[in-house]
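So you can see what is in the structure, the chains are spelled out below.
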Amino acid sequence: MAGKRVKKFMQGNEACAEGALYAGCNFFAGYPITPSTEVAEILSARLPLIDGKWLQMEDEIASIAATLGGALGGVAIIIKEEILLAIVGGIFVMEALSVILQVGYYKLSNGKRIFLMAPFHHHFEKKGWHEPKVVVRFWIVSVILGLFALATLKLR
């Protein structure tokens, strides 16, 4: 019966999930807590059927961080200032690069290390810095990088 529409009765969360799929959603990342658990369950079951991806976060904070990071990345792409994203998130870039360098060097040099411990902030803690000192120093560097990025931003 070509062209015949099928009607299906759904609850709100199910309709939300199905509507997202119908609109083209092919990726979902979240932390399944009430009331979003039902949406997460539906999407985790249906996304693999349409070659979509499902990512479950480990906790609420990781979910919030991923959301904010995705939003920041999206804004950077929209305003065509992707390089500024690496400048603004310089601390995060440095942390990720420290792990990549440490693991790569460790494997290539048969067990030698660049840093005392990776990610980079643990290197300072191993050197005897207290955690609040490391955090405040990273905040200062982040503010400087953010101000630099704002100074280089071209307003149209």
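Basis of the calculations
- Counting starts from 1 at the beginning of each chain's written sequence and moves along it residue by residue.
- The predicted origin of the model limits local features to residues at a pLDDT of at least 70 and limits the giving and counting of side-chain atom pairs to 80 or more, whereas totals for whole chains, interfaces and linings rest on all residues.
- For the side-chain quantities, the full set of heavy atoms in the structure was used; hydrogens and water were omitted.
- Here, the term nonpolar core denotes a set of buried Ala, Val, Leu, Ile, Met, Phe, Trp, Tyr and Cys residues that are joined through side-chain atoms within 4.5 Å.
- The buried label applies to any residue whose accessible area, calculated with a 1.4 Å probe on protein chains only, is under 20% of its type's maximum; exposed applies above 50%, and partly exposed to all values in between.
- Strands are runs of DSSP state E lasting at least two residues, helices are runs of H or I lasting at least four, and both sets are numbered from the N terminus onward.
- Contact between two residues is taken to exist if any of their heavy atoms lie within 4.5 Å; hydrogens are not considered.
- Salt bridge, as used here, is a side-chain nitrogen of Lys or Arg placed within 4 Å of a carboxyl oxygen of Asp or Glu.
- Only a pair of cysteine sulfur atoms within 2.5 Å qualifies as a disulfide here.
- When we speak of the arc, we mean the arc of directions from the helix axis to the C-beta atoms.
- Any two strands with at least two DSSP-identified bridges between them are counted as paired.
- A score from 0 to 100, pLDDT tells how confident the predictor is in each residue.
- Patch definition: residues with relative accessible area over 30% and no salt bridge; like charges joined within 9 Å; nonpolar side chains (Val, Leu, Ile, Met, Phe, Trp, Tyr) joined within 5 Å.
- Each accessible area is a Shrake-Rupley estimate made with a 1.4 Å probe; only the visible protein chains count as cover when residues are assessed.
- Polar contact criterion, stated in full: a pair of N or O atoms within 3.5 Å, where within protein one must be able to donate a hydrogen and the other to accept it, and residues adjacent in sequence count only if both atoms are side-chain atoms.

Side note on the nonpolar core
Then, number 1: Ranked by size, the top nonpolar core spans 8 residues in total: A17, L21, F28, V39, A40, I42, L43 and L47.
Then, number 2: Elements supplying a minimum of two residues to this core: α1 (12-22) and α2 (37-46).
Then, number 3: The dominant element in this core, judged by the number of residues it contributes, is α2, at 4 residues.
Then, number 4: Residues contacting A17, with those up to four places away along its chain left out, are V39, I42 and L43.
Then, number 5: Core analysis: the next-biggest nonpolar cluster, separate from the first, contains 6 residues, I91, F115, F120 and F138 among them.

Description of the pattern of salt bridges
Then, number 1: One pass over the full model with this rule turns up 1 salt bridge.
Then, number 2: Its salt-bridge partner being R46, residue E18 comes within 2.9 Å of it at the nearest N-O pair. Separated by 28 residues along the polypeptide, E18 in helix α1 and R46 in helix α2 bring together distant segments of the chain.
Then, number 3: Among the residues examined, R46 registers a relative accessible area of 31% and is labelled partly exposed.

Structural notes on the state of the cysteines
Then, number 1: Taken as a whole, this structure holds 0 disulfides when the rule is applied.
Then, number 2: C16 takes part in no disulfide bond, and the closest cysteine sulfur, belonging to C25, lies 9.6 Å away.

A short note on α1
Each α-helix turn comprises 3.6 residues. Residues three or four places apart therefore point the same way.
Then, number 1: Of the residues making up α1, those classed as buried are A17, E18 and L21. Along the axis of α1, the buried residues cluster in a sector spanning 95°; they form a single face. Within α1, the exposed residues directed more than 90 degrees away from the buried face are G12 and Y22.
Then, number 2: The secondary structure elements touched by the buried residues of α1 are α2.
Then, number 3: Positive backbone phi, approximately 110°, marks G24, located one or two places after α1.

Some thoughts on the pairing of strand β1 (residues 27-30)
Then, number 1: The alternating pattern of β1 places F28 and G30 on a buried face, while none of F27 and A29, on the opposite face, is buried.
Then, number 2: Alignment of β1 against strand β2 (residues 53-56), held across 4 bridges, turns out to be parallel. Residue pairing in the sheet places A29 in a bridge with L55 of β2.

Comments concerning the confidence of the model for the protein
Then, number 1: For the protein, per-residue confidence averages 85 on the pLDDT scale, and residues scoring 70 or more make up 94% of the total.
Then, number 2: By mean pLDDT, the top-scoring element of the protein is helix α5 (residues 90-108) (92), and the lowest-scoring one is β1 (80).

Looking at a nonpolar patch on the surface
Then, number 1: A surface patch of nonpolar side chains, about 540 Å² in accessible area, is lined by V93, L97, I100, L101, Y105 and I114.
Then, number 2: Counting through the fold element by element, L101 comes out in helix α5.
Then, number 3: Among the residues examined, L101 registers a relative accessible area of 46% and is labelled partly exposed.

Points about the side chain of H123
Then, number 1: Mapped onto the elements of the fold, H123 is located in helix α6 (residues 120-126).
Then, number 2: On the accessibility criterion, H123 (14% relative accessible area) is buried.
Then, number 3: A polar atom in the side chain of H123 sits 3.0 Å from the backbone nitrogen of L116.

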